[in-house]
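Commentary on secondary and tertiary structure
Spelled out from the first residue to the last, the chains are:
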Amino acid sequence: YDDNHAIYEQELKVPYYLMYHPEIHELTLFRLEGEKYVTVLPNEAGRHPIPELGLEVGILDGWMRYWQRGELLPLPEQLMD
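Residues numbered from 1 in each chain as written. Predicted model: local features only at pLDDT ≥ 70, side-chain atom pairs only at ≥ 80, totals over all residues. Heavy atoms only, no water.

1. Brief notes about the pairing of strand β3 (residues 36-39)
Rules: Here, any two strands with at least 2 DSSP bridges between them count as paired. Under the scheme used here, helices are H or I runs from DSSP no shorter than 4 residues and strands are E runs no shorter than 2 residues, and both carry numbers assigned from the N terminus.
Here strand β2 (residues 26-33) runs beside β3; their pairing, made up of 4 bridges, is antiparallel. For Leu32, the partnering residue across the bridge sits in β3 and is Tyr37. Here β2 folds back onto β3 in antiparallel fashion, the turn holding 2 residues, of which Gly34 has a positive phi close to 70 degrees.

What follows is the structure, encoded as structure tokens:
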């Protein structure tokens, strides 16, 4: 993770970097500010916002999930119904 973090931050300048550890249900979202990543803190709903996309990312029932404009996005298999 450390190597990827440095490459995304210093070389590629990726605006957001998400780390999720499913075995411990830990999610960390970073946002590039200037030359360094800063941690995006969860909002009052416990989700990490990505305002430019109207998205939030968080953990629901042990799974990493996305919300768009406050609405939980369906899982791929739910789209097939």
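We are not done yet, so read on.
2. What about the sheet that holds strand β5 (residues 55-60)?
Spatial ordering of the open sheet is given by β4-β5-β6-β7, a layout of 4 strands whose pairing is antiparallel. The outermost strands of the open sheet, each flanked by one partner alone, are β4 (48-50) and β7 (71-72). Pairing geometry for β5 and strand β6 (residues 63-68), over 6 bridges, is antiparallel. Bridging from a neighbouring strand, Val57 pairs with Tyr66 of β6.

3. Some remarks on unusual backbone geometry
Look at Lys13: it is not a glycine, yet its phi comes out positive at around 55 degrees. The residue Lys13 is located in the loop between α1 (2-12) and β1 (16-21) in this model. Positive phi values are uncommon outside glycine, yet His25 reaches one of about 55 degrees. Considering the arrangement of structural elements, one finds His25 in the loop between β1 and β2.

4. Some thoughts on the sheet that holds β1
Inclusion rule: In this description, a line fitted to the C-alpha atoms serves as the axis of each element, helices being fitted only across the stretch in contact, and the angle between N-to-C directions of two axes falls anywhere from 0 to 180 degrees. Here, residues are in contact when the closest pair of their heavy atoms is within 4.5 Å.
Here we have 3 strands laid out as an open sheet, ordered β1-β2-β3, and antiparallel in their pairing. Where the open sheet ends on each side, the last strands, each with one partner, are β1 and β3. When strand polarity is set aside, the average angle formed by the axes of neighbouring strands in this sheet is 30 degrees. Across 6 bridges, β1 lies against β2 in antiparallel orientation. Pairing of His21 across the sheet is with Glu26, part of β2. Contacting β1, β2 and β3, α1 runs over the sheet at an angle of about 115 degrees to β3.

5. Focus on the nonpolar core
Here is the rule: Only buried residues count toward a nonpolar core, which is a set of Ala, Val, Leu, Ile, Met, Phe, Trp, Tyr and Cys residues joined through side-chain atoms within 4.5 Å. Residue burial is assigned from relative accessible area. The probe radius is 1.4 Å, only protein chains are included, and a residue is buried under 20% of its type maximum, exposed over 50%, and partly exposed in between.
In this structure, Tyr16, Tyr20, Leu27, Leu29, Val40, Ile50, Leu55 and Val57 together form the largest nonpolar core, which totals 8 residues. Mapped onto this core, the elements with two or more residues apiece are β1, β2 and β5. Apart from residues lying up to four places away in sequence, Leu27 is in contact with Leu18, Met19, Tyr20, His48, Val57, Gly58, Ile59 and Met64. With 5 residues, the next largest nonpolar core counts Met19, Phe30, Leu32 and Tyr37 among its residues.

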